[in-house]
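# Analysis of the macromolecular model
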Amino acid sequence: MEEFKLKFHVIYILFAVVAVIFSMYVDIKKKHYNSFSIFFSVLLFLAFSLLFGLRNEDVGTDTGIVIYQFEYYDRLDFGFQFVYDFLTLIVSRFTGNYQVFLLILSLLFNGLILSAILVLSKKNNFNIFLVAFTFVCFYFFQQLGINIVRQGVSLACFLLALSLYYKNPSNYKSWIIPLILAVGIHVTTIAVVLVFALIVVFKKIKLAYYYALYFLILIVSAVGGSILSFGSLLSYFFLVDSQRADFYINNENGLEYEIGFKTQFAIFNTIFLGIFSFINTKILKYENENYKILLKYYMVISAIFFLMFQIPFSDRWGMMSWITIPFLLAPLFNIYETRKYSMGTLVFLIVIFVFFSIYYSTN
């Protein structure tokens, strides 16, 4: 594991230098150079694909489970996560080498994120590499890449669907298919899909109501309220997977996991909500409808995350909100005639990376 961490940090530092150069070009030269930006983005995600995919069995909490499922593919039940099961079956028919399967999952995870960024760039003018680099600055990137791999690939599918929706909302097949695939890879992503669908359907609801919901749920969570308070309603929410309810909700996992209000996560999500609100009001001037939809999604899924604090592995619900942070920060990597945001944002992201690297290494 220590060797893996060393390689991860070496790759990060090398591409951080590239990110600094691109941020200077955006702020000072007022140029994106996105042809070069795309090239370095491919290198970035390819490097992490190889690092994640060629990891040892002891790297990543769920790696052993993924290998077990691959080696005993004949025990798959093909339930709601049929896409993942089908992928496992297909790969296992061609090779018995689990390393190949890990590499394919890693390439899917990183490739889908890159594809989502490239599609999003068609409708937005930002430096592609800086948005790509934003992903690796957050700890969730490593978590989704090596620990909760299925959720990682699933959420990457959701990001692609999100980008395709922004590109052309009327082309339903282009973005609905990735949503179906996302749920078929990891069933909990159905919560993400439902939230996003409801926001799109009721997109005329004003942002003020979402802010009210966010802070109301935050207060409820702080005084001990949680999803457990909904009683029987919770059973229907997990009807699609009763075993998952026993594992996560009823704490029948045999593992020790700290539950209760998590101040660090509440502060983290709220700080970024403040940044996104600044972008929406001061930079975009309330004029970007797609940005407002994504901002609404962030607030609702964050509120759900806060309600999950009283159950084990609640941070896996946090991933559903954190995965959209790079897209919400993207306008800061645009070219503005009189304002410079790229370099300051990059420094902020590097500080976050260093902070969480130290935090998780000492806990």
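See above for the structure.
Residues numbered from 1 in each chain as written. Predicted model: local features only at pLDDT ≥ 70, side-chain atom pairs only at ≥ 80, totals over all residues. Heavy atoms only, no water.

## Thoughts on the nonpolar core
- Within the largest apolar cluster, 123 residues are counted, with the highest numbers of intra-cluster contacts made by I117, F133, F135, F276, Y297 and F327.
- Setting aside anything within four residues of it in sequence, one finds F276 in contact with Y291, L295, Y298, I325, L328 and L329. (Core = buried A, V, L, I, M, F, W, Y, C linked by side-chain atoms within 4.5 Å. Buried < 20%, exposed > 50% of the residue type's maximum accessible area, 1.4 Å probe, protein only. Contact = heavy atoms within 4.5 Å.)

## Structural notes on helix α3 (residues 63-71)
- Listed in full, the buried residues belonging to α3 are T63, V66, I67, Q69 and F70. Angular distribution of buried residues about the axis of α3 spans 160°; they occupy a single face of the element.
- Those residues of α3 that are buried are in contact with α4 (82-94), α5 (98-121), α7 (139-147) and α8 (149-167). (Helix = DSSP H or I, 4+ residues; strand = E, 2+ residues; numbered from the N terminus. Arc of directions from axis to C-beta.)

## Notes on helix α9 (residues 172-185)
- Compared with the 20 Å implied by 1.5 Å per residue over 14 residues, the 20 Å span of α9 between its first and last C-alpha is a close match.
- When we look at burial in α9, the residues that qualify are W175, P178, L179, A182, V183, G184 and I185.
- Along its buried surface, α9 packs onto α4, α8 and α10 (189-201). (Expected span 1.5 Å × (residues − 1).)

## Digging into a nonpolar patch on the surface
- Judged by side-chain polarity, I13, V17, I21, Y25, Y33 and F36 come together as a nonpolar surface patch covering roughly 570 Å² of accessible area.
- Among the elements that make up the nonpolar patch, the one with the highest residue count is helix α1 (residues 2-29) (four residues).
- With respect to the helices and strands, I21 occurs in helix α1.
- Judged by its relative accessible area of 42%, I21 is partly exposed. (Patch = residues over 30% accessible without salt bridge, like charges linked within 9 Å, V, L, I, M, F, W, Y side chains within 5 Å. Areas by Shrake-Rupley, 256 points an atom, 1.4 Å probe, with all protein chains shown as cover. Salt bridge = Lys/Arg side-chain N within 4 Å of Asp/Glu carboxyl O.)

## Quick word on the packing of helix α2 (residues 34-53) against helix α6 (residues 128-137)
- Running from N to C, α2 and α6 cross one another at 20°; their axes reach a closest spacing of 7 Å. The angle between α2 and α6 falls in the class roughly parallel. Side by side, α2 and α6 meet where N34, S37, I38, F40, S41, L44, F45 and F48 of the first sit next to I128, F129, A132, F133 and V136 of the second.
- In terms of residue class, the contact of α2 with α6 is made up of ten nonpolar, three polar and no charged. (Axes fitted to C-alpha atoms, helices over the stretch in contact; angles between N-to-C directions. Parallel < 35°, antiparallel > 145°, perpendicular 65-115°, else oblique. Nonpolar A, V, L, I, M, F, W, Y, C, P; charged D, E, K, R; others polar.)

## Some details on the side chain of Q143
- Relative to the elements of secondary structure, Q143 occurs in helix α7.
- Looking at Q143, the relative accessible area reads 14%, which means it is buried.
- Contact partners of Q143, with chain neighbours within four places excluded, come to I148, D315 and M319.

## Here we look at the pattern of salt bridges
- According to the stated counting rule, one finds three salt bridges in the structure shown.
- With its nearest N and O atoms 3.7 Å apart, the salt bridge here joins D62 to R316. On the criterion of sequence distance, the pair formed by D62 in the loop between α2 and α3 and R316 in helix α16 (residues 315-322) is long-range, its members being 254 residues apart. Both residues of the pair, D62 and R316, belong to the buried class.
- K292 is paired through a salt bridge with E289; the nearest N and O atoms lie 2.9 Å apart. Separated by three residues within a single helix, K292 and E289 lie in helix α15 (residues 289-307), roughly one turn from each other.

## Things to note about the side chain of S121
- Along the chain, S121 turns up in helix α5.
- Filtering out sequence-adjacent residues up to four positions away, S121 remains in contact with F126 and I128.

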